[in-house]
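A look at the structure
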Amino acid sequence: MNQPDLRVTIGDLVFKNPVLTASGTFGYAKEFAPFVNLHHLGGVVVKGISLAPRRGNPPPRIVETAGGMLNAIGLENVGLDRFISEKMDYLRGIGTRVIVNILGDSLEEYQTLAQRLSEVEGISGLEVNISCPNVKKGGVAFGTDPAMAEAVTRAVCAHTTLPVIVKLSPNVTDITQIARGVEAGGAQAVSLINTLLGMAIDVKSRRPKLANIVGGLSGPAIKPIALRMVWQVAQAVKIPVIGIGGITTTEDALEFLLAGATAIEVGTANFINPRASQEIVEGLGRYVTENKLSGISEVIGGLIVG
Amino acid sequence: MNQFEEQAEIVRQEQLTPEIFRLSLKAPEIASQARPGQFVMVQTASCYDPLLRRPLSIHQTIGNELVQLLYKVVGKGTRMLAALTPGQRLKLTGPLGHGFDFSDQQALCLVGGGMGIAPLYFLAKEILRTANPPKCVVLLGARTAAEFGPLPRDFMDIGVTQTHLATDDGSLGHQGFVAELLLQHLAPGNQWSVCTCGPHPMMKAVVKACRQQEWQCQVSLETMMACGISACLGCAIPRADLSGPYLHVCKDGPVFNANEVAWL
Ligand SMILES: Cc1cc2nc3c(=O)[nH]c(=O)nc-3n(C[C@H](O)[C@H](O)[C@H](O)COP(=O)(O)OP(=O)(O)OC[C@H]3O[C@@H](n4cnc5c(N)ncnc54)[C@H](O)[C@@H]3O)c2cc1C
Ligand SMILES: Cc1cc2nc3c(=O)[nH]c(=O)nc-3n(C[C@H](O)[C@H](O)[C@H](O)COP(=O)(O)O)c2cc1C
Ligand code: FES
């Protein structure tokens, strides 16, 4: 029997399948090597990197909620220099595409990150995080204003030879406006959604359950919202859309592809089941075979309305 | 680093007290690699609520085949775990984290409070299995006698000759905190190495006593965990000097040298 064709194309990049892992939920890939054949994945998006190392927010940083979790990690990361010297060697050998998620407090920081990472071998693309709800400066401010989103995208694109994916925040009134800004700025693709701002309270102590008071909601609880936004954005822009938000099973992934996503990222599901990403790749293969499709790309945007 | 994801069959589920259960699972890969103080992430339900796996210490391994967990029902995850019966399967990931270091120790004292007793039983078993077992004193604390269930007996059954108990209400052993037993039962001159696991205030008191006597002390800490494998960075705790990057309990711990971490 022929191998099912799961290839998808984003800009100039061909991915062996549409299943990537979402930033901040897959470490630097090595953490999952005991459980997943990393080369079976379409790609890995690594934990967000800033110019200088970041300590992140004080604990407690995570709380479980119904069907989801809140996190206020605050973008703890090892910083650009240590990422390049300590993590890239391993990532070059995993046999799949590596996308580096970047974040900054200023346009200059985004530019420097883009420029420095362009010189590093083994990186397939950049995912620009303009959407983290857990940091005070930068981050979310860039992601909630279409003109700012466009400016960051333009600045990053001007300083890199790598394909640029911009990751959008759902914490806006109209996500399609931000997506249009990013498209105008020259991005090769958009990915969405990042976490939704939420909170939880301990009624015994009457205190917030997170030290940061508010955090980002992720997991199956946010899937319907993410799916709706992906569908809206896929109609609003011409560049490819990468769907993120609560994807836990093959069926979830298929829903996002049908809504118009060219690829998907698996996030919180990696915590619930460390093998989730690989199981979704396998499930998509079965779907293509069982439905006698020419390839998975036949599914993309296949939603029937009316 | 040998870690596994196993679909484990439940072999036995025992209710030891109204709240405490002991679960035996067939998980040969994890069982053959586990060290005392390590933990597993356990799927408690195959639905999305509870969503995340729960961290539980390895209570003991039996013959390279079985992993045994000792847990207290405190919320929805552990309640669902307690409802599972032999023959059913659940997923677990492990063995995770760093365990206790008991090599080259002359005299060890294990201090457990509440469910903190769970990993210490595995530790006591492994200590007694070494070629020239060091001296091993076990101090256990609980709120009342009933809360211990059969655990003190279990320690005696594997050959721990010195097991001393403390209860808050005095219903068994010393009335008061288990940390007070340290100074009652350990000769001050000796170089004791103390391993402790239990509620934070209890461990804090144990650490204080150890510092006064200049004894080594290893602590097993708990935090909220989402992944258990250092991917989410949710399990952060501050270092002793309160500066620098946070430590991560799942990867840097759960067992730490008491001097590494802050005692707030
Ligand atoms: C490394 C490690 C090892 C552990 N080993 C054991 C063990 O051997 N036996 C055992 O009984 N328990 C152990 N715990 C604690 C155990 O993980 C929690 O009791 C469990 O996750 C509670 O889940 P739940 O769904 O029943 O409670 P939930 O419904 O999630 O919460 C109910 C209440 O339980 C408490 N709780 C929840 N999560 C934790 C947590 N991670 N730590 C402490 N309290 C919590 C809180 O007070 C909360 O309000 C360990 C924790 C860690 C981090
Ligand atoms: C613990 C945690 C850390 C995260 N860190 C990042 C990050 O560093 N950069 C980023 O762009 N998104 C980050 N995210 C957001 C995820 O990549 C993803 O967009 C979000 O969780 C929604 O997908 P999910 O519901 O499948 O998890 C993080 C999410 C979680 C749960
Ligand atoms: S529990 Fe996820 S990093 Fe420790």
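Quantities reported herein were computed from a predicted structural model and do not represent experimental measurements.

What counts, and where the lines are drawn
- Residues numbered from 1 in each chain as written.
- Chains lettered and ligands numbered in written order.
- Predicted model: local features only at pLDDT ≥ 70, side-chain atom pairs only at ≥ 80, totals over all residues.
- Heavy atoms only, no water.
- Near = heavy atom within 4 Å.
- Polar contact = N/O pair within 3.5 Å; in protein donor to acceptor, adjacent residues only side chain to side chain.
- Areas by Shrake-Rupley, 256 points an atom, 1.4 Å probe, with all protein chains shown as cover.
- Nonpolar A, V, L, I, M, F, W, Y, C, P; charged D, E, K, R; others polar.
- Pairing = 2+ DSSP bridges.
- Helix = DSSP H or I, 4+ residues; strand = E, 2+ residues; numbered from the N terminus.
- Axes fitted to C-alpha atoms, helices over the stretch in contact; angles between N-to-C directions.
- Contact = heavy atoms within 4.5 Å.
- UniProt positions renumbered as here; feature names shortened; annotations may be inferred.
- Buried < 20%, exposed > 50% of the residue type's maximum accessible area, 1.4 Å probe, protein only.
- Buried area = accessible area lost by both parts, 1.4 Å probe.
- Salt bridge = Lys/Arg side-chain N within 4 Å of Asp/Glu carboxyl O.
- Phe/Tyr/Trp six-rings, centres within 6.5 Å; stacked < 30°, edge-to-face > 60°.
- Lys NZ or Arg CZ within 6 Å of the ring centre and 35° of its normal.

Quick notes on the site of ligand 2
- Among the 25 residues in the neighbourhood of ligand 2, the closest are listed as Ser 23, Lys 167, Gly 219, Gly 246 and Thr 268 of chain A.
- Residues near ligand 2 are shared among chains A and B, making this a multi-chain site.
- Taking Lys 167 of chain A, its side chain carries an N or O atom lying 2.7 Å from an oxygen atom of ligand 2.
- Considered on its own, ligand 2 offers 610 Å² of accessible surface; in the complex 98% of this is hidden by protein.
- Grouping the constituent residues of the shell around ligand 2 by class yields eight nonpolar, 15 polar and two charged.

Concerning the sheet that holds strand E7 (residues 89-96) of chain B
Residues and elements named next belong to chain B.
- Spatially, seven strands are ordered E4-E3-E7-E1-E2-E6-E5 in an open sheet, and the strand pairing comes out antiparallel. Whereas interior strands pair on both sides, the edge strands pair on one side only; in this sheet they are strand E4 (54-57) and strand E5 (60-62). In this sheet, neighbouring strand axes are inclined to one another by 40° on average, regardless of whether the strands run parallel or antiparallel.
- Examined bridge by bridge, strand E1 (residues 4-15) and strand E2 (residues 20-26) share six bridges and lie antiparallel to one another. Following the sheet pairing, Gln 13 is matched in E2 by Leu 23.
- Sheet contacts for helix H3 (residues 117-129): E4, E5 and strand E6 (66-72); angle to E5, the most-contacted strand, approximately 55°.

Some words on the UniProt feature "binding site: FMN" (unreviewed entry) in chain A
- As recorded in UniProt, the sites labelled "binding site: FMN" (unreviewed entry) are Ser 23, Lys 47, Gly 48, Asn 101, Asn 129, Lys 167, Ile 193, Gly 219, Gly 245, Gly 246, Gly 267 and Thr 268 of chain A.
- Positionally, Asn 129 of chain A belongs in strand E8 (residues 125-129).
- The contact partners of Asn 129 of chain A, leaving out residues within four places of it in the chain, are Leu 75, Asn 101, Ile 102, Leu 103, Tyr 110, Lys 167 and Asn 194 of chain A.
- According to the relative accessible area criterion, Thr 268 of chain A is buried, its value standing at 7%.
- Leaving out residues up to four positions away in the same chain, Thr 268 of chain A has contacts with Thr 25, Met 69, Ser 218 and Gly 219 of chain A together with Leu 51 of chain B.

So, the interface of chain B and chain A
- The interface of chain B with chain A comprises 33 residues on the first partner and 34 residues on the second.
- Both sides of the chain B and chain A interface together cover about 2600 Å² of buried area, and 62% of this is carbon and sulfur.
- Three residues stand out in chain B for area buried against chain A, namely Tyr 48, Leu 51 and Tyr 246 of chain B, and they jointly supply 25% of the buried area on that side.
- Between chain B and chain A we count one salt bridge in total.
- With a closest N to O distance of 2.8 Å, Glu 64 of chain A and Arg 54 of chain B form a salt bridge.
- The interface formed by chain B and chain A contains nine residue pairs in polar contact (both at pLDDT 80 or more).
- Those elements that place two or more of their residues in the side of chain B that touches chain A are E1, E7 and strand E14 (236-237) of chain B.
- A per-class count over the side of chain B that touches chain A returns 20 nonpolar, seven polar and six charged.

Re the packing of aromatic side chains
- Taken as a whole and judged by the stated rule, the model has five aromatic pairs over all chains.
- Ring plane angle 10° and centroid distance 4.2 Å describe the contact between Phe 26 of chain A and Phe 32 of chain A, whose orientation is recorded as stacked.
- The exposure class assigned to Phe 32 of chain A is buried, which follows from its relative accessible area of 0%.
- Summarising the aromatic geometry, the rings of Tyr 110 of chain A and Phe 142 of chain A are spaced 5.5 Å apart at their centres and angled 85° between planes, so their arrangement reads as edge-to-face. Of the two residues, Tyr 110 of chain A sits in helix H2 (residues 107-118) while Phe 142 of chain A sits in helix H3 (residues 140-143), which places them 32 residues apart along the sequence.
- Residue classification places Tyr 110 of chain A among the buried residues on the basis of a relative accessible area of 0%.
- By relative accessible area, which is 7% here, Phe 142 of chain A ends up buried.
- Between the NZ or CZ atom of Arg 55 of chain A and the centre of the ring of Tyr 246 of chain B, over which it lies, the distance is 4.2 Å.

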